[in-house]
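Next come the chains, spelled out residue by residue.
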Amino acid sequence: MDAWTQLGITIGIFLIFLLLRKVFTTYIFKFFLRIAEKRKIEFAANLMLALERPVRWLIVLIGVIISLNYFPIDSPSDELKSKIYRSFFVFLFFWTIFNISSILTILFPKLVSKFGLEVDQIVLPFFTKIIKLIIIAFGASIIAEEWGFNVDGFVAGLGLGGLAFALAAKDTVSNFFGGIVIVTEKPFTIGDWIKTPSVEGTIEDITFRSTKVRTFAQALVTVPNATLSNEPIINWSKMGKRQIAFHLGVNVTTPKEKLENVIKDIETMLIEHKEVHPETILVKFDEFSHSGFNLYLYFFTNATDFGGYLSIKEDVNFKIMEILEREEVQIAIPSQAFILQKDSNIEAMNEFESMRD
């Protein structure tokens, strides 16, 4: 068999496997993917997506191995080819495992809910990243050993330069353990609204090194885990209720009976309000002021989100206005306003007198 025939066979075999790869992608893979989606088997659909690219490259690799047997030019030694082939097979295997590990984010919550367990949302993404890192390290070590690198010796060598390595990686290690502290203590979870001396916003993600926080201005702030784990954290999303406290001043000419009625009506309104927390409701005549009588209102809303809190506060304010109108009680106006009005009346009278003269 001459060289040109061998070359033609080599190219032909390789093209056949490229065609098989195309058939797999266009027909076989899409056929099983449609079945999984039609039957709403989410795990199977994601598994197919995880396997697609590794299987495509596996077909190409098999085609290269078979076609090279007919290649007319001398190829590397069998031992070298064997190392290359095994390395690629190991790479494809761990690539597949790596992709499948991403499905844990879909499968694990369903298993947790099935068995009635409670797992914080922030735990799964963090440990999924750890699993992926272990897969990468394990696959890299196997490939390195295949090429004759002594992994045990490398690890032992790290012990000799451990001090220098620790100093160089001090921040990385502290951020990693800061992430573990955040995950184990769970001061917040994905989607929580937090406030720290460094940042205020909504938690989007946590990685080995940092936590990503989306501010209310829609900026994405990346905070090192070591910094965040050592700061006081206010988690507004964990509030069971939200406080409202303010003074309401009424006119100094308000009779005692009407003042008592206003206090009683406001307190009754707050007690009957569905969005006001019933635990602590205080409406008291608190103090005298030079412009009137000050009532002190102290209560909590059931809603903790800012929008809901403002809506309840607005509704309560409107109801207080209705009570004041019903009792014909006016809100206190600062005495300075009377002085200005008086001065303006005097000026008007003086101007009138001068016109008469």
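Keep in mind the model is a prediction, meaning the values are calculated, not measured.

## A few points about the packing of aromatic side chains
Turning to step 1, where the next piece is worked out: If you walk through the whole model with that rule in mind, you get 10 aromatic pairs.
Turning to step 2, where the next piece is worked out: Between Trp193 and Trp236, the aromatic rings sit 5.7 Å apart at their centres with planes inclined by 40°, giving tilted as the arrangement. Separated by 43 residues along the polypeptide, Trp193 in strand E1 (residues 193-195) and Trp236 in the loop between strand E5 (234-235) and strand E6 (242-251) bring together distant segments of the chain.
Turning to step 3, where the next piece is worked out: Overall, Trp193 belongs to the buried group, its relative accessible area being 16%.
Turning to step 4, where the next piece is worked out: Among the residues examined, Trp236 registers a relative accessible area of 25% and is labelled partly exposed.
Turning to step 5, where the next piece is worked out: Its end group placed over the ring of Trp57, Arg21 keeps NZ or CZ at 5.2 Å from the ring centre.
Turning to step 6, where the next piece is worked out: Between Lys132 and the ring centre of Phe98, over which it is positioned, the NZ or CZ distance is 5.2 Å.

## Focus on helix H10 (residues 256-272)
Turning to step 1, where the next piece is worked out: The end-to-end C-alpha separation of H10 is 24 Å, in line with the 24 Å expected for 17 residues at 1.5 Å each.
Turning to step 2, where the next piece is worked out: Residues Leu259, Val262, Ile263, Ile266, Met269 and Leu270 constitute the buried set of H10. Looking down the long axis of H10, one finds its buried residues gathered within 135° of arc, a one-sided arrangement. Facing away from the buried side of H10 by more than 90 degrees, the exposed set consists of Lys256, Glu257, Lys264, Ile271 and Glu272.
Turning to step 3, where the next piece is worked out: Turning to H10, the residues buried within the fold contact E6, strand E7 (276-289), strand E8 (292-301) and helix H11 (306-326).

## A word on H11
Turning to step 1, where the next piece is worked out: Here H11 contains 21 residues, and its C-alpha end-to-end distance of 30 Å stays within 8% of the 30 Å for a straight helix at 1.5 Å per residue.
Turning to step 2, where the next piece is worked out: Of the surrounding secondary structure, the elements contacted by the buried residues of H11 are E6, H10, E7 and E8.
Turning to step 3, where the next piece is worked out: With its phi angle positive at about 55°, Glu328 sits one or two positions after the end of H11.

## As for the sheet that holds E7
Turning to step 1, where the next piece is worked out: Spatially, three strands are ordered E6-E8-E7 in an open sheet, and the strand pairing comes out antiparallel. Among the strands making up the open sheet, the edge pair consists of E6 and E7. Going from strand to strand, the sheet's axes swing by 15° on average, the running direction of each strand aside.
Turning to step 2, where the next piece is worked out: Looking at chain direction, E6 and E8 are connected through 10 bridges and run antiparallel. Within E8, the residue paired with His247 across the bridge is Tyr296.
Turning to step 3, where the next piece is worked out: Along the sheet, H11 contacts E6, E7 and E8; its crossing angle with E6, the most-contacted strand, is approximately 25°.

## Quick word on the environment of Thr202
Turning to step 1, where the next piece is worked out: By secondary structure assignment, the location of Thr202 is in strand E2 (residues 200-206).
Turning to step 2, where the next piece is worked out: Taking the C-alpha atoms as reference points, Thr202 and Asn235, 33 residues apart in sequence, are found 9.8 Å from one another.
Turning to step 3, where the next piece is worked out: Setting aside anything within four residues of it in sequence, one finds Thr202 in contact with Gly191, Asp192, Trp193, Lys212, Val213, Arg214 and Phe216.

## Considering a nonpolar patch on the surface
Turning to step 1, where the next piece is worked out: Nonpolar side chains collect at one region of the surface, where Leu19, Val23, Tyr27, Ile28, Phe31, Phe32 and Ile35 lie side by side and expose about 660 Å² of accessible area between them.
Turning to step 2, where the next piece is worked out: Its location among the elements puts Phe31 in helix H1 (residues 3-38).

## Focus on the sheet that holds E2
Turning to step 1, where the next piece is worked out: Strand order in this open sheet of five strands is E4-E3-E2-E1-E5, and the pairing throughout is antiparallel. Two strands bound the open sheet, and with one partner strand each, they are strand E4 (220-224) and E5.
Turning to step 2, where the next piece is worked out: The pairing of strand E3 (residues 210-214) with E4 spans five bridges and is classified as antiparallel. Looking at E4, one finds that Lys212 is bridged to Thr222.

## Let's talk about the confidence of the model for the chain
Low-pLDDT stretches of the model should not have their predicted coordinates read in fine detail.
Turning to step 1, where the next piece is worked out: When the pLDDT values of the chain are averaged, the result is 78; 76% of them are 70 or greater.
Turning to step 2, where the next piece is worked out: Taken element by element, the chain is modelled with least confidence in helix H7 (residues 162-168), mean pLDDT 49, and with most confidence in H10, mean pLDDT 94.

## Details of the side chain of Thr211
Turning to step 1, where the next piece is worked out: As for its placement among the helices and strands, Thr211 is situated in strand E3.
Turning to step 2, where the next piece is worked out: Overall, Thr211 belongs to the buried group, its relative accessible area being 0%.
Turning to step 3, where the next piece is worked out: Only 2.8 Å separates the side chain of Thr211 from the side chain of Asn225, close enough to count as a polar contact.
Turning to step 4, where the next piece is worked out: Discounting residues that sit within four places of it in the chain, Thr211 has contacts with Ile182, Phe188, Ile203, Asp205, Ile206, Val221, Thr222, Val223, Asn225 and Leu228.

Cut-offs applied
- Residues numbered from 1 in each chain as written.
- Predicted model: local features only at pLDDT ≥ 70, side-chain atom pairs only at ≥ 80, totals over all residues.
- Heavy atoms only, no water.
- Phe/Tyr/Trp six-rings, centres within 6.5 Å; stacked < 30°, edge-to-face > 60°.
- Helix = DSSP H or I, 4+ residues; strand = E, 2+ residues; numbered from the N terminus.
- Buried < 20%, exposed > 50% of the residue type's maximum accessible area, 1.4 Å probe, protein only.
- Lys NZ or Arg CZ within 6 Å of the ring centre and 35° of its normal.
- Expected span 1.5 Å × (residues − 1).
- Arc of directions from axis to C-beta.
- Contact = heavy atoms within 4.5 Å.
- Pairing = 2+ DSSP bridges.
- Axes fitted to C-alpha atoms, helices over the stretch in contact; angles between N-to-C directions.
- Patch = residues over 30% accessible without salt bridge, like charges linked within 9 Å, V, L, I, M, F, W, Y side chains within 5 Å.
- Areas by Shrake-Rupley, 256 points an atom, 1.4 Å probe, with all protein chains shown as cover.
- Salt bridge = Lys/Arg side-chain N within 4 Å of Asp/Glu carboxyl O.
- pLDDT = per-residue confidence, 0-100.
- Polar contact = N/O pair within 3.5 Å; in protein donor to acceptor, adjacent residues only side chain to side chain.

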